[in-house]
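# Close look at the chain arrangement
Letter by letter, the chains look like this.
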Amino acid sequence: MEEYHKSLKQNAFMAKSPTKTLATQATHFFAAVLAYTKREVLKLKCGIGHFRLKAQLYTVGLKAMYQQLGQLRA
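Criteria and thresholds
Residues numbered from 1 in each chain as written. Predicted model: local features only at pLDDT ≥ 70, side-chain atom pairs only at ≥ 80, totals over all residues. Heavy atoms only, no water. Helix = DSSP H or I, 4+ residues; strand = E, 2+ residues; numbered from the N terminus. Buried < 20%, exposed > 50% of the residue type's maximum accessible area, 1.4 Å probe, protein only. Contact = heavy atoms within 4.5 Å. Areas by Shrake-Rupley, 256 points an atom, 1.4 Å probe, with all protein chains shown as cover. Salt bridge = Lys/Arg side-chain N within 4 Å of Asp/Glu carboxyl O. Expected span 1.5 Å × (residues − 1). Axes fitted to C-alpha atoms, helices over the stretch in contact; angles between N-to-C directions. Parallel < 35°, antiparallel > 145°, perpendicular 65-115°, else oblique. Nonpolar A, V, L, I, M, F, W, Y, C, P; charged D, E, K, R; others polar. pLDDT = per-residue confidence, 0-100.

Moving on, we come to the overall build of the protein. In terms of regular secondary structure, the protein is built from 3 helices and 0 strands. When the helices and strands of the protein are listed from N to C terminus, the series reads α-α-α. Across the 74 residues of the protein, 15% fall into the buried class. Within the protein, contacts between residues separated by at least 24 positions form 42% of all contacts whose residues are at least 6 apart in sequence. Approximately 6000 Å² of the protein is accessible, and the part contributed by carbon and sulfur atoms is 65%.

Let us look at the pattern of salt bridges. Under the definition given, this model contains 1 salt bridge. In this structure, Lys-43 engages Glu-40 in a salt bridge whose closest nitrogen and oxygen atoms are separated by 3.5 Å. Highlighted residues: Lys-43 and Glu-40, both in helix 2 (residues 22-46), separated by 3 residues, approximately one helical turn. Glu-40 gets classed as partly exposed once you look at its relative accessible area, which sits at 22%.

Moving on, we get to helix 2. In this model, helix 2 (25 residues) spans 36 Å end to end at C-alpha, consistent with the 36 Å of a helix rising 1.5 Å per residue. Within helix 2, burial applies to His-28, Ala-32, Tyr-36 and Arg-39.

Direction vectors running N to C along helix 2 and helix 3 (residues 50-73) enclose 100 degrees, while the axes themselves pass 10 Å from each other. Comparing their axes, helix 3 and helix 2 come out roughly perpendicular. Residue-level inspection shows Tyr-36, Arg-39, Glu-40, Leu-42 and Lys-43 of helix 2 in contact with helix 3, the latter providing His-50, Leu-53, Lys-54 and Leu-57. A breakdown of the residues in the contact of helix 2 with helix 3 according to their chemical character gives 4 nonpolar, 1 polar and 4 charged.

Averaged over the protein, the pLDDT score is 82; the fraction of residues at 70 or greater is 81%. Helix 3 holds the highest mean pLDDT among the elements of the protein, 90, whereas helix 1 (residues 2-10) holds the lowest, 68.

Below, the structure written as structure tokens:
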């Protein structure tokens, strides 16, 4: 249970929610739980933890961004 809360807080950004209204808070909460669930599925498929998955996804995203940036400069 503690792993769930830690992952939800740090990997799904529940602690950094910029929401003010009840509707946006509910939407942010739903999106965070959905993100956690998707990471849990990937964790089971890949056999690595949430924090390692987050790091790998971030790296892939950065590489894709730099590739797009290179295409824009050309």
